Amino acid sequence: MFSFQKWRCSWSLVASVASIVTLVSVVHLFIYPVAPSLDYFRPFQNSCVPINRSNEGEKIILKDNKSIEDRKNNATDSISTEGSQSNPDTRSPIPTVDLNVNFPSNLHNSVVYRGAPWKAEVGRWLAGCDSNTSAVKVIEQISGKSCRNDCSGQGICNRELGQCRCFHGFTGEDCAERQELSCNYPGPKEEPFRRWVVSICPGYCDTTRAMCFCGEGTKYPNRPLAEACGFTINPPSEPGGSPMIDWTKADLDVFTTNGSKRGWCNVDPAEAYASKVLFKEECDCKYDGLWGRLCEVSVLSTCINQCSGHGLCRGGFCQCSSGWFGADCSVPSVVSSITEWPHWLRPAQVIVPENLMSGGNLVNLDAIVEKRRPLIYVYDLPPDFNSLLLEGRHFKLECVNRMYDHRNATIWTDQLYGAQMALYESLLASPHRTLNGEEADFFFVPVLDSCIITRADDAPHLSMQEHKGLRSSLTLEFYKKAYDHIITQYPYWNRSSGKDHIWFFSWDEGACYAPKEIWNSMMLVHWGNTNSKHNHSTTAYWSDNWDSISSDRRGNHPCFDPHKDIVLPAWKRPDEGSLNAKLWSRPREKRKTFFYFNGNLGPAYKNGRPEATYSMGIRQKVAEEFGSTLNKEGKLGKQHAEDVIVTPLRAGNYHEELASSVFCGVMPGDGWSGRMEDSILQGCIPVVIQDGIYLPYENFLNYESFAVRIREDEIPNLLNILRSFNETEIEFKLANVKRIWQRFLYRDSVVLEAERQKALRGSVEDWGLKFSQLEEDDVFATFIQVLHYKLHNDPWRRQLMLQKKEFGLPKECLIRTER
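Residues numbered from 1 in each chain as written. Predicted model: local features only at pLDDT ≥ 70, side-chain atom pairs only at ≥ 80, totals over all residues. Heavy atoms only, no water.

- As annotated in an unreviewed UniProt entry, the protein chain carries the name EGF-like domain-containing protein and is attributed to Nicotiana tabacum.
- On record in UniProt, under Subcellular location (unreviewed entry), the comment for the protein chain is "Golgi apparatus membrane".
- UniProt, in its Sequence similarities (unreviewed entry) section for the protein chain, records the words "Belongs to the glycosyltransferase 47 family." (UniProt positions renumbered as here; feature names shortened; annotations may be inferred.)

Pasting the structure below:
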């Protein structure tokens, strides 16, 4: 961080402040809360001292009516267009380096940077350039636009655009129009519940959210009547089978007051826990914000960054406090108090114009902040693409990485799709975030498709009927609508045809179904299928198949382009036990199993997935050769060995078994799986068997240094290939896995939650303390490093005339546009 020169208050400045305070005081009486409160000017009461409570050096400067452009020029007139600093008295010059000479590659053609073996070109640039990045001055605009009727109290005003973000069940320019979100599709009297949807409801339908409750006339009208709870359960059609739900016939017993019948809506929790009455086992407390076997305890819902301490989480949608906006209430407006601004806007030199009002709106304020690139602008999309998907989900576990128990303590989920939430929250709270789109290097478009794949799409108001049940088609439409929004509301897309935009596709097959309009952009995925071998939809789930989507909508792009896209690790639940046991660092001599894989092995095994297409047949081939568990025919694998485990049987301690193995299989499931993360986090050498499919960071990290790739046609020779590695090579790979394991961990997200819990409850649980002590680069830090490399090395950027920006880099690190 840099500090501005000390400054003194003159009588003229005091007079100016007094006049503005008087003006705002008068305005405040008539148009509150549109005008800023007097809290905004409290820093002037103490002889014009810096206002940051942590003494980081903010100050407020009163300006005349110069244009914003003039102010920007004044703020940046000392910035060199070459990216170096022009004030040698305050900054040390960055030494010139020859990247090729100073950072030679090793025998594996990798260059190590911050402990990780990168591909030589990437690691060389990061070691010589990313490590030498200095901070630059950026003007952040604090917006002051107002919204019509203040969104009628049914939404949040985006003060950058002057547009309302309406709560669930409300719409219109000012959120004054009430929506009717039916729980049921219409059907004949004899079959009133004709189609299966999660919100199907035999009780009271809350039409603001399409969610089902017991309703009036019951003892507990606000108790959820979710999914199977309200319908008849028929016995299994065959011995050992699963009960069958008759979705056309309501189970009226859930409304009974007879304690000897399986009730729900009138069951007293105390009597139920004392086993004095019966209740329907299929009923459960599925909706977010409720806890206890009978939903008798109200708890925190899961919101994006839990509204950053500036709002109330209402079922997944942040209801921001006055002066704040954004999906997580993290963006201050001119109405906010500067002392509460987030850390990514500190320290700041705030420029206050003399005329605070213009055209009925408060004038935007400029805050000069020092930041390091890359700078990322996060779109504040309408809530249809994020907050409403969270608020409208019918199962609290859907698409989130955490929920809250009866103490409002954090419970981490095993939801693999939780990576999308984790990355989004980290971006919103990151010092690399900027509100200035003109200074931004990248633009993140937050569409939470993870909430659609986990069955939020089954609610009628999301129009699955229009897509004939195809979630892939529905989700493509979501992304297309987000694209339509940003190109009509913002000016940033056309400057690069969207190449500097980032979209996250968390689905099993990644960005295969991305609309053609956005394919120029960078895709974040968990499935790096280049379609060089597996060139059709590989999913066994009919509703997720994208083969039938027309090229008019999808185009003819692959699922993944390694030249522009990034594969990110899947979310894995923070495991305090594994952390304490240091499973990633277990030495070679304690790893007794040579090769290990535990997971579904397909139709040849009891309870295996019946589809031959599952795992593209790869797991089945490995099991056929090396299976260590008897299949349905009573056979082991043809090449079964004592030190090899390939089994579908659930492990007693999965993490312990991984940590006791030298090599661990990484094969697809129904698209991507979390096996790579399982291997790395337990210190096992990953053995990747999936042709043409990239794993996390594989187009940037040197996988040869810590993993093994086996071609699918080499599966019969798998053990011979692995046994050909000598102990020196094995120790080398194990050591590299040990060095990079934190890069597969979403530690930043965990630490953010620990900080939120400390603010809420005044204490941090053990998991928070343990993860806060980790110091190596995690998923988010790695992601930022990759973006920084791409900022100065993506070929398309060389073809554009770059803005004259300060990059804080030596000349040899900057893009040479003459290439």
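**Concerning the UniProt feature "domain: EGF-like" (unreviewed entry) in the protein chain**
1) Next: In the numbering adopted here, UniProt assigns the feature "domain: EGF-like" (unreviewed entry) to residues 143–176.
2) Next: Between the end C-alpha atoms of residues 143–176 there is a gap of 24 Å, over a span that is 0% helix and 29% strand. (Helix = DSSP H or I, 4+ residues; strand = E, 2+ residues; numbered from the N terminus.)

**Some details on the pattern of salt bridges**
1) Next: On inspection of all chains with the given rule, the structure shows 44 salt bridges.
2) Next: The residue Glu 439 makes a salt bridge to Arg 373 at a minimum N-O spacing of 2.5 Å. Taken as a pair, Glu 439 in the loop between helix H7 (419–428) and strand E26 (442–445) and Arg 373 in the loop between strand E22 (365–371) and strand E23 (376–378) lie far apart in primary sequence, 66 residues in all. Of the two residues, Glu 439 and Arg 373, both sit in the buried class.
3) Next: In this structure, Asp 678 and Lys 572 form a salt bridge, with 2.8 Å as the shortest nitrogen-oxygen distance. One end of the pair, Asp 678, is in helix H14 (residues 675–681); the other, Lys 572, is in the loop between strand E30 (566–567) and helix H11 (576–581), and 106 residues separate them in sequence. (Salt bridge = Lys/Arg side-chain N within 4 Å of Asp/Glu carboxyl O. Buried < 20%, exposed > 50% of the residue type's maximum accessible area, 1.4 Å probe, protein only.)

**Remarks on the pairing of strand E33 (residues 661–666)**
1) Next: Counting buried positions over the 6 residues of E33 gives 6, a clear majority of the element.
2) Next: Strand direction decides the pairing type here: E33 and strand E34 (residues 685–688), joined by 4 bridges, are parallel. Residue Cys 664 lies in a different strand from E34, and its bridge partner there is Pro 686.
3) Next: With H14 bridging E33 and the parallel E34, this β-α-β connection has right-handed handedness. (Pairing = 2+ DSSP bridges. Right-handed = clockwise from strand over helix to strand, strands pointing away.)

**Some points on the state of the cysteines**
1) Next: Enumeration over the complete set of coordinates arrives at 15 disulfides.
2) Next: Two residues, Cys 229 and Cys 283, share a disulfide whose sulfurs are 1.9 Å apart. Where Cys 229 bonds to Cys 283 through sulfur, the torsion about that S-S bond is close to 80 degrees, and the disulfide is right-handed. Taken together, the positions of Cys 229 in the loop between strand E10 (211–213) and strand E11 (231–234) and Cys 283 in the loop between helix H5 (269–273) and strand E13 (290–291) put the pair 54 residues apart, joining distant regions of the chain.
3) Next: Given the relative accessible area of 1%, Cys 229 is considered buried.
4) Next: By relative accessible area, Cys 283 is classed as buried at 0%.
5) Next: Disulfide pairing places Cys 664 opposite Cys 684 at an S-S distance of 2.1 Å. In this structure, the disulfide formed by Cys 664 and Cys 684 twists by about 100 degrees around the S-S bond and is classed as right-handed. Of the two residues, Cys 664 sits in strand E33 while Cys 684 sits in the loop between H14 and E34, which places them 20 residues apart along the sequence. Cys 684 carries the same exposure label as Cys 664, and that label is buried. (Disulfide = S-S within 2.5 Å.)

**Brief notes about the packing of helix H4 (residues 120–128) against helix H19 (residues 779–793)**
1) Next: Where H4 contacts H19, the axes come no closer than 10 Å and their chain directions differ by 95 degrees. Relative to H19, the element H4 lies roughly perpendicular. Touching Glu 121, Val 122, Trp 125 and Leu 126 of H4 are Gln 785, His 788, Tyr 789, His 792 and Asn 793, all from H19.
2) Next: Its residues assigned to classes, the contact of H4 with H19 shows 4 nonpolar, 4 polar and 1 charged. (Axes fitted to C-alpha atoms, helices over the stretch in contact; angles between N-to-C directions. Parallel < 35°, antiparallel > 145°, perpendicular 65-115°, else oblique. Contact = heavy atoms within 4.5 Å. Nonpolar A, V, L, I, M, F, W, Y, C, P; charged D, E, K, R; others polar.)

**Some thoughts on the nonpolar core**
1) Next: Counting residues in each nonpolar core, the largest one holds 152 residues, and the members touching the most others are Phe 444, Trp 503, Phe 505, Leu 524, Phe 595, Phe 663 and Phe 783.
2) Next: Counting residues per element, this core draws most heavily on H19, which supplies 8 residues.
3) Next: Discounting chain neighbours no more than four positions away, the residues touching Phe 663 are Phe 594, Phe 595, Tyr 596, Cys 684, Ile 685, Val 687, Val 708, Leu 722, Phe 725 and Ile 730.
4) Next: Counting 36 residues, the second-largest nonpolar core is a separate cluster that includes Cys 303, Trp 324, Leu 362 and Leu 365. (Core = buried A, V, L, I, M, F, W, Y, C linked by side-chain atoms within 4.5 Å.)

**Points about the sheet that holds E30**
Backbone-to-backbone hydrogen bonds pair the strands of a sheet. The strands run either parallel or antiparallel.
1) Next: Read across the open sheet, the 5 strands follow the order E23-E26-E27-E28-E30; overall the sheet is parallel. What marks the edges here is a single partner per strand, and that holds for E23 and E30.
2) Next: Sheet topology note: the strand E27 (residues 501–505)/strand E28 (residues 522–525) ladder contains 4 bridges and is parallel. Among the inter-strand pairings, Phe 504 is bridged to a residue of E28, identified as Leu 524.
3) Next: The strands that H7 touches are E23, E26, E27 and E28; relative to E23, the one it contacts most, it runs at about 115 degrees.

**What about the packing of aromatic side chains?**
1) Next: Applying the stated criterion across every chain yields a total of 33 aromatic pairs.
2) Next: On the basis of an interplanar angle of 70 degrees and a centroid distance of 6.2 Å, the ring pair of Tyr 377 and Tyr 490 is categorised as edge-to-face. Highlighted residues: Tyr 377 in strand E23 and Tyr 490 in the loop between helix H9 (471–489) and E27, separated in sequence by 113 residues.
3) Next: A residue is classified by how much of its surface remains accessible, and Tyr 490, at 6% relative accessible area, is buried.
4) Next: Taken together, the aromatic side chains of Tyr 479, Tyr 483, Trp 493, Trp 503, Phe 505, Trp 507 and Tyr 513 make up a single cluster linked through ring pairs. (Phe/Tyr/Trp six-rings, centres within 6.5 Å; stacked < 30°, edge-to-face > 60°.)

**Observations regarding H19**
1) Next: In this model H19 runs 21 Å from its N-terminal to its C-terminal C-alpha over 15 residues, within 8% of the 21 Å that 1.5 Å per residue would give.
2) Next: Across the 15 residues that make up H19, a large majority, 14, are buried.
3) Next: The opening residue of H19 is Asp 778, an N-cap whose side-chain oxygen sits 3.3 Å from the backbone nitrogen of Phe 780. (Expected span 1.5 Å × (residues − 1). Polar contact = N/O pair within 3.5 Å; in protein donor to acceptor, adjacent residues only side chain to side chain.)

**A word on the confidence of the model for the protein chain**
1) Next: Mean pLDDT over the protein chain works out to 86, with 87% of the residues at or above the 70 mark.
2) Next: Every residue in residues 1–57 scores below 50 in pLDDT, and together they form 80 contacts with partners more than four places removed in sequence or on other chains.
3) Next: Scored below 50 in pLDDT, residues 64–92 makes 40 contacts in the model with residues more than four places away or belonging to other chains. (pLDDT = per-residue confidence, 0-100.)

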